[in-house]
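Listed below, chain by chain, are the residues.
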Amino acid sequence: MSLRQFSIRVPATSANIGPGFDVVGLSLSLFCTLTVSFPLTPPSDTYVAPSITYSGEGAGEVPLDAYKNLTTRVSLYVLRCHTIRRFPSHLKIHVDNEIPFGRGLGSSGAAVIAGVLLEMNLAN
């Protein structure tokens, strides 16, 4: 069975720096990293929904259902915009998040960008 694997790494960010307000921002060395794998040819004809595991900041707070998780919801939305109705069968996503929630470091923005990058990799 041939497996497709890839990783996505999105940095934390901070904006509103001094007199730059919303114009000046920084990329920080904290990351949200997705490790993704799925078989190119699924082992069975039965569709298996995505599996998400999570470690790091917010591990106990983040939904692990692909239809409720921010990153995978964004990814699925963009996939559907490109007429791809669902995720590949047997998709496995592990998220390792270093970005704290609610601290102004762009954790939600990183999750959204990770979702768009996930879609780009899945659609190709």
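Below you will find a few notes about this structure. It should be emphasised that the depicted structure is a prediction, and the values quoted were computed from it without experimental measurement. (Residues numbered from 1 in each chain as written. Predicted model: local features only at pLDDT ≥ 70, side-chain atom pairs only at ≥ 80, totals over all residues. Heavy atoms only, no water.)

Tracing the backbone through its elements, the reader meets L30 in strand β2 (residues 26–39). Remark: the alpha-carbon pair of L30 and P11, spanning 19 residues in sequence, is separated by 5.7 Å. Aside from chain neighbours lying at most four places away, what touches L30 is V10, P11, A12, E98, I99, P100 and L105. (Helix = DSSP H or I, 4+ residues; strand = E, 2+ residues; numbered from the N terminus. Contact = heavy atoms within 4.5 Å.)

One finds L34, I93, L118 and L122 to be the most contacted residues of the largest nonpolar core, which totals 24 residues. Look past the residues within four positions of L34 in its chain and what remains in contact with it is F6, S7, I8, T71, I93, H94, V95, A114 and L118. (Core = buried A, V, L, I, M, F, W, Y, C linked by side-chain atoms within 4.5 Å. Buried < 20%, exposed > 50% of the residue type's maximum accessible area, 1.4 Å probe, protein only.)

Assignment of secondary structure puts L122 in helix α2 (residues 107–123). Sequence separation of L122 and G25 is 97 residues, and the distance between their C-alpha atoms is 29 Å. Contacts of L122, omitting those with residues within four sequence positions, involve R4, F6, F38, S75, L79, F87, P88 and L91.

Function-wise, these values are silent; they only describe arrangement.
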